[in-house]
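# Coordinate analysis (summary)
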Amino acid sequence: MIRALVAAAAAVCSTAIAASPGTVRVNAFPNAKALPFHAGLERGIFAKHGVALELSFTENSTAQRQGLAAGRFDVVHAAVDNAVAMADAGKDVVIVTGGDSGMNEFFVQAGIGSFADLRGRTLIVDAPNTAYAIQAKKILLKHGLAEGADYKVVPVGRGELRLKAMAENKGYAAAILNLPFTIQAEQLGMKSLGNTVDMLGPYQANGAFALRSWVGTNGALLERYIAGYLESLRWVRRPENRAECVALLMSKLKIPRDVAERSYAVLVDPVRGFTPDAAFDMEGFRNLLALRAEIENKGGEARAPESYLDLSHYRRALAAPGN
């Protein structure tokens, strides 16, 4: 009898959620890492969790930060370095999930044989003070090259814009790229000098973040959103869904099958790909903060990692029945 009442109450609750889903405006970059959003929307996973997902894509990190600060987005999925930059600039932003360690590679033009060959050249970035730029500056510094004195930095925007710029202008010598642009760069004759994690160590790259005020007033909705994202991510990582995922990548990113297949293989790689359940890597985050303090703050002391985080909603979403 009690079980029946509990089941009935759960059914009523599910019906109420389905009848009045809460809207979550999510902004991300239009690259291969957006696959869980496309899959979750296509298969009704977010709707099942009582979330009406409004997905938009950004031109660059600067525009994305400005949009979040202005309240045009509720949740951003991008390099969490952006959240750190916003918080350090006085915006009350918190990171609410992890995501992955970057899947980033340092690409150069075909005629460049080593990092030393970048002396006197131009590095292109998303924005001057974002993760891609900071990682690149540190890697070049490790090889004896200092910004300004040995190379210059030009911001051109998100991944496909960096790839397009390098393809059209050989004077743009290097950029950090991620999927599917790493594969496309290789096909255009450019070459990778290595994976950023291999060169810099563990790194908390992508994750979700939001204004603390929005999180505070929309905690239950955020937890439903996170639960929907986690289910979408799990669906993407299941081998039996490979063909559908490849088709989604081809359709949404307008890329050929071979690029989509290779991109998917990296996305689900147990070492390089999506972190299972978007878990947060505290060691990688500490490395991120130390790197940012060194490159952006010129050796200034980093704030405590916990001051940038609110993972309580993530933990509740992960622990919720059915998850």
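Residues numbered from 1 in each chain as written. Predicted model: local features only at pLDDT ≥ 70, side-chain atom pairs only at ≥ 80, totals over all residues. Heavy atoms only, no water.

### Quick notes on the overall build of the protein
The condition that has to hold: Secondary structure elements follow DSSP: runs of H or I of four or more residues count as helices, runs of E of two or more count as strands, with numbering from the N terminus. To sort residues, take the accessible area from a 1.4 Å probe on protein chains only and compare it with the maximum for the residue type: under 20% means buried, over 50% means exposed, and anything in between is partly exposed. We get accessible surface area from the Shrake-Rupley algorithm with a probe of 1.4 Å; when it comes to residues, only the shown protein chains can shield them. Here Asp and Glu are counted as negative and Lys and Arg as positive; His is not counted, and neither are the chain ends. To locate a charge, the coordinates of NZ of Lys, CZ of Arg, CG of Asp or CD of Glu are taken.
Secondary structure assignment for the protein yields 15 helices and 10 strands. The proportion of buried residues among the 323 residues of the protein is 52%. Element-wise, carbon and sulfur atoms account for 54% of the exposed surface of the protein, whose accessible area totals about 13600 Å². Computing the positive centroid from 36 side-chain charges and the negative centroid from 32, the protein places the two 2 Å apart.

### A short note on the packing of aromatic side chains
The condition that has to hold: Classification of ring pairs uses Phe, Tyr and Trp, with its six-membered ring standing for Trp, and accepts pairs whose centres are within 6.5 Å; under 30 degrees between planes counts as stacked, over 60 as edge-to-face, and the remaining range as tilted. Here, a charge over a ring means that NZ of Lys or CZ of Arg falls within 6 Å of the ring centre while also lying within 35 degrees of the ring normal.
Following the criterion strictly, the structure yields five aromatic pairs and no others. One aromatic cluster in this structure is built from F280, F285 and Y308. In this structure, R162 is placed above the aromatic ring of Y132, and the distance from its NZ or CZ to the ring centre is 4.3 Å. R303 extends its terminal NZ or CZ atom over the ring of Y308, reaching a point 4.3 Å from the ring centre.

### Topic: the packing of helix 11 (residues 219–237) against helix 15 (residues 312–319)
This is how it is decided: Here an axis means a line fitted to C-alpha atoms, over the contact stretch when the element is a helix, while the angle between two N-to-C directions is reported on a 0 to 180 degree scale. For classification purposes, an angle smaller than 35 degrees is called roughly parallel, one larger than 145 roughly antiparallel, one from 65 to 115 roughly perpendicular, and anything else oblique. By definition, any crossing whose near helix is turned counterclockwise from its far helix by less than a right angle is left-handed, and any crossing with a clockwise turn is right-handed. Note on contacts: a residue pair qualifies if any of its non-hydrogen atoms lie within 4.5 Å across the two residues. Amino acid classes used here: Ala, Val, Leu, Ile, Met, Phe, Trp, Tyr, Cys and Pro are nonpolar; Asp, Glu, Lys and Arg are charged; the rest, including Gly, are polar.
With their axes 8 Å apart at the nearest point, helix 11 and helix 15 run at an angle of 60° to one another. When the interaxial angle is binned, helix 11 and helix 15 end up oblique. Crossing handedness for the pair helix 11 and helix 15: right-handed. For the pair formed by helix 11 and helix 15, the contact residues are G219, L222, E223, I226, A227, L230 and R234 on the first element and H313, Y314, R316, A317 and L318 on the second. Residues that form the contact of helix 11 with helix 15 fall into these classes: seven nonpolar, two polar and three charged.

### A closer look at the side chain of R162
Cut-off, in case you're wondering: We define a salt bridge as a contact between a side-chain nitrogen of Lys or Arg and a carboxyl oxygen of Asp or Glu at a distance within 4 Å. Here a polar contact is recorded for every N or O atom pair within 3.5 Å, except that within protein the pair must consist of a potential hydrogen donor and a potential acceptor, and residues adjacent in sequence are included only if both atoms are side-chain atoms.
Take R162: it is sitting in helix 7 (residues 159–168). Despite its burial, R162 pairs with no opposite charge; the closest candidate is D126, at 4.8 Å N-O. Looking at R162, its side chain comes within polar contact range of the main-chain oxygen of G157, at 2.9 Å. In terms of polar contacts, R162 uses its side chain to reach the backbone carbonyl oxygen of I176, at 3.1 Å. Non-local contacts of R162, meaning those with residues more than four positions away in its chain, are made with I124, V125, D126, Y132, V156, G157, A175, I176 and L177.

### Notes on helix 15
Residues S312, H313, Y314 and A317 constitute the buried set of helix 15. Here the buried face of helix 15 lies against strand 4 (93–97), helix 10 (212–217) and helix 11.

### Regarding the sheet that holds strand 7 (residues 152–155)
In plain terms, the rule: Two strands form a pair only when DSSP identifies at least two bridges running between them.
Strand order in this open sheet of five strands is 7-6-8-5-9, and the pairing throughout is mixed. Two strands in the sheet have a free side with no partner beyond their single neighbour: strand 7 and strand 9 (191–195). Sheet twist, expressed as the mean angle between neighbouring strand axes with direction ignored, is 25°. Judged from the three bridges that link them, strand 5 (residues 105–108) and strand 9 form a sheet pairing that is antiparallel. Within the sheet, the bridge partner assigned to F107 lies in strand 9 and is S192.

### Structural notes on the layout of surface pockets
Rolled over the atoms, a probe as big as a water molecule pinpoints where empty space is left. Applied cut-off: Lining residues are defined by having an atom within 4 Å of a point belonging to a cavity or pocket. Those points lie on a 1 Å grid over the protein atoms alone, cavities being sets where a 1.4 Å probe fits but cannot get out and pockets being open sets with protein on both sides within 12 Å along at least five of seven lines. Grid points are joined across faces, edges and corners, and a volume is the space filled by probe spheres set on the points.
Roughly 160 Å³ of volume is contained in the second largest pocket. Sorting the residues of the lining of the second largest pocket by element identifies helix 7, helix 8 (181–187) and helix 12 (242–253) as the ones contributing at least two each. Partitioned by chemical class, the residues of the lining of the second largest pocket number seven nonpolar, two polar and two charged.

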